[in-house]
Amino acid sequence: MSRLVVVSNRLPLGDSPSGGLVVAMEDALRSSGGLWVGFAGEPVDEPRDGLQFHPGARFERASFDLSRQDYESYYLGYSNSILWPLCHGRADLMRILPEYIEGYRRVNARIAELLVPYLRPDDRIWVQDYHLFPLAADLRARGVESPIGHFLHIPFPGSADCAAMPNPPELFEWLSHYDLLGFQAQRDVSNFAESARQLADFDQIDDGCYRLSGRQVRAGAFPIGIDTAAFIELARHAPDEDRMRFLTGAQMMIGVDRLDYSKGIPQRFRAFHLLLEENPDLHEKIVFLQIAPPTREAVEAYQDIREETEHLAGRINGEFATVNWTPIRFIHRPMPRNVLAGLFRQARIGLVTPLADGMNLVAKEYVAAQDVSDPGVLILSRFAGAAETMADALIINPHDPAELAAAMARAMRMTANERRRRHAALLRGVIEQDVGWWSAAYLDALRQG
Ligand code: ADQ
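Residues numbered from 1 in each chain as written. Predicted model: local features only at pLDDT ≥ 70, side-chain atom pairs only at ≥ 80, totals over all residues. Heavy atoms only, no water.

### Some words on helix α11 (residues 337–346)
Using the following cut-off: Only protein chains enter the accessibility calculation, which uses a 1.4 Å probe; a residue is then buried when its area is under 20% of its type maximum, exposed when over 50%, and partly exposed in between. To qualify as a helix, a DSSP run of H or I must reach at least 4 residues; to qualify as a strand, a run of E must reach at least 2; elements of each kind are numbered from the N terminus. By definition, residues are in contact when any of their heavy atoms lie within 4.5 Å.
Looking only at α11, the buried set comprises V339, L340, A341, G342, L343 and F344. If you follow the buried residues of α11, they end up packed against α8 (228–236), β11 (251–256), β12 (286–291) and α12 (361–369).

### A word on the sheet that holds β11
Put simply, the rule is: At least two DSSP bridges between two strands are required for those strands to pair. All axes are obtained by fitting lines to C-alpha atoms, using only the stretch in contact for helices, and the reported angles, taken between N-to-C directions, cover 0 to 180 degrees.
Strand order in the open sheet formed by 6 strands is β13-β12-β11-β14-β15-β16, and the pairing between neighbours is parallel. Two strands close off the open sheet at either side, each with one partner strand: β13 (328–331) and β16 (394–396). Taking each pair of neighbouring strands and ignoring which way they run, the sheet shows an average axis angle of 20 degrees. Sheet analysis places β11 next to strand β14 (residues 349–352), joined by 2 bridges and oriented parallel.

### Some words on the site of the ligand
Selection rule: Whether a residue is near a molecule or strand depends on its heavy atoms: it is near if one of them lies within 4 Å of it. Think of a polar contact as two N or O atoms within 3.5 Å of one another; within protein, one of them needs to be a possible hydrogen donor and the other a possible acceptor, and neighboring residues in sequence only count if both atoms come from side chains. Note on areas: Shrake-Rupley, 1.4 Å probe, and residue coverage restricted to the protein chains presented here. Only Asp, Glu, Lys and Arg are considered charged, only Ala, Val, Leu, Ile, Met, Phe, Trp, Tyr, Cys and Pro nonpolar, and every remaining residue, Gly among them, polar. By convention here, the domain bounds are inherited from an automatic or database domain assignment.
Within the structure, the ligand sits among 21 residues, and H153, M335, D357, L361 and E365 are positioned closest to it. Contacts to the ligand include M335, whose backbone N or O atom sits 2.7 Å from a nitrogen atom. A distance of 2.9 Å separates an oxygen atom of the ligand from a polar backbone atom of N360. Compared with its free state, where it exposes 720 Å², the ligand has 86% of that area covered by protein. When residues of the shell around the ligand are traced back to their parent elements, those giving at least two are α11 and α12. The element contributing the most residues to the shell around the ligand is α12, with 3 residues. In terms of residue class, the shell around the ligand is made up of 11 nonpolar, 4 polar and 6 charged. Counting the residues that make up the shell around the ligand, at least three belong to each of domain 1 (4–225 + 435–448) and domain 2 (228–432).

### A short note on the environment of A298
Here A298 is to be found in the loop between β12 and α10 (303–320). Given a relative accessible area of 59%, A298 falls into the exposed group. Sequence separation of A298 and L343 is 45 residues, and the distance between their C-alpha atoms is 30 Å. In contact with A298, other than residues within four places in its own chain, are L76 and Q303.

### Thoughts on the domain arrangement of the chain
Accessible area lost when the parts come together is the quantity often used to give the size of an interface. The line we're drawing: Accessible area, probed at 1.4 Å, shrinks when two parts are joined; the buried area is that loss added up over both.
Taken as a whole, the chain is organised into domain 1 (4–225 + 435–448) and domain 2 (228–432). Each of domain 1 and domain 2 has a C-alpha centre, and these two points are 30 Å apart. Each side of the interface is counted separately: domain 1 has 24 residues, and domain 2 has 21 residues. Summed over both sides, the interface between domain 1 and domain 2 buries roughly 1,700 Å², with carbon and sulfur atoms accounting for 60% of that surface. Looking at the side of domain 1 facing domain 2, the largest losses of area belong to W84, H88 and R187, adding up to 27% of the total buried there.

### What to know about the side chain of R268
Mapped onto the secondary structure, R268 falls in helix α9 (residues 265–278). A polar contact is formed between the side chain of R268 and the side chain of Q290, at a distance of 2.8 Å. For R268, the side chain forms a polar contact with the side chain of T353, separated by 2.8 Å. Beyond its immediate chain neighbours, meaning those up to four positions away, R268 contacts G255, D257, K263, F288, Q290, L351, T353, L404 and M408.

### Quick notes on α9
Which entries qualify depends on this criterion: By this rule the span expected of a helix is its residue count minus one, scaled by 1.5 Å.
Taking 1.5 Å of rise per residue, 14 residues should cover 20 Å, and α9 covers 20 Å from first to last C-alpha, within 8% of that figure. Counted residue by residue, α9 has 10 buried out of 14 residues, so it is predominantly covered. Listed in full, the buried residues belonging to α9 are I265, P266, R268, F269, A271, F272, H273, L274, L275 and L276.

### Points about the sheet that holds strand β6 (residues 148–151)
Pairing is mixed across the open sheet formed by 10 strands, whose spatial order is β3-β4-β2-β1-β5-β6-β7-β10-β9-β8. Of all the strands in the sheet, the pair left with one neighbour each is β3 (52–53) and β8 (202–206). Judged from the 5 bridges that link them, strand β2 (residues 34–39) and strand β4 (residues 60–64) form a sheet pairing that is parallel. Residue pairing for β4: G38 is matched across the bridge by S63.

### Focus on unusual backbone geometry
Despite not being glycine, S213 shows a phi value in the positive range, around 45 degrees. Inspection of the secondary structure assignment puts S213 in the loop between β9 (209–212) and β10 (215–221). For S213, a relative accessible area of 24% corresponds to the partly exposed category. The backbone of R296 sits at a positive phi, close to 45 degrees, despite the residue not being glycine. Along the chain, R296 falls in the loop between β12 and α10.

### Some points on the pattern of salt bridges
Note the following rule: Just to be clear on terms, a salt bridge is a Lys or Arg side-chain nitrogen sitting within 4 Å of an Asp or Glu carboxyl oxygen.
Tallied over the entire structure, the rule returns 25 salt bridges. A salt bridge links D260 to R296, with the shortest nitrogen-to-oxygen separation between them at 3.6 Å. Here R296 lies in the loop between β12 and α10 and D260 lies in the loop between β11 and α9, a separation of 36 residues in the sequence. R296 carries the same exposure label as D260, and that label is buried. Taken together, the salt bridges that share partners define one network made up of R3, E60 and D123.

Structural data, given as structure tokens:
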């Protein structure tokens, strides 16, 4: 079997808890043998030449260094101050600087340069996410002819947003060098085709097969999953009881997100305010636990969101708290995965309300963690990729506080029968389309090219 080479922005090293992507890649790499290349951690003053190999896994792992300047322009700059806001419908938050664009091109070309000496002719190369759009073009320019696939973990923007990029045709030129473009949802495949039609030299050849800038490219939706079996076990054996004392008999509603403006955290706080205003009977019956570790704090747009959310939480607690009851608990730290799993299991409501999201794995983790005989209710934004396959959640528009507050009230009052019926349907999907299914489906499609 040909070797799999995965390239991602980050190479997970050490004992940090594994997220879905790490588990998926480890799974795929272990079964076919392979190499995972990525950036390992902190930028340095003097980047070393070449790749650094890290023994100790059942496949090869190799990292590259980034200088502080490259980290700033390629990672914080182009990737997270241009592409991330653009792909999440926030073109207004983009910060377009010429050095970001140059840095992004330079780093991708350097990664290709470092990688080429280690590639074999029969490799299959799988590039992950928006940090590395140009990588296939850079590899092809250096003579690489192997199949190269890309998977985008975040939404693909529609044509109006694409047009707000610094140089839209360049994005499509980069994409045209891949054999297979993988997206989270059908919505993204449609956005890709529509944007390419408007902004590039593009034709549809067949279902899922296109001509882009004179080259043939396939595209499809491959909804990412979690390691469902492992998460179910984690939740079953999670430490609990003591930790739940704060509930003092109330039901818990939980939100777990990186503190990112795309996740809709202020919107859900406002809806919770409305819920308490309109439903005095729910006072002291519900506690909202929001866990949101800060992220990308060096990027300006992330500096305001913490203040806004803390202010809203303070206002709600100031207005409604009693001696025995604090309506919102807001924690700004990451949590060990087993603690998270236990909290999900205890929560009557799982709140996943992004304004835009590629998939959202928290929605799947919440479902996997439930006790099947007395499960909680998932409230899910229609703008999460997960909404395409999780129709049995309460699907809401996160911009509408009245609709969201009504869903919270409905979830609080939902009968055990309806909760069990909805949960059983959701769990079936989360089990069937787990992370192993996802990587196998993608790699099969890449192979058939
Ligand atoms: P993210 O934007 O990071 O991922 P998500 O899919 O929800 O979003 O994954 C977050 C992961 O981090 C989950 O596994 C969650 O449990 C964990 N996490 C969040 N807060 C935590 C905390 N406080 N402590 C510990 N763990 C925490 C991007 C895209 C998504 C897409 C994924 C995978 O934005 O749309 O689903 O990649 O493709």
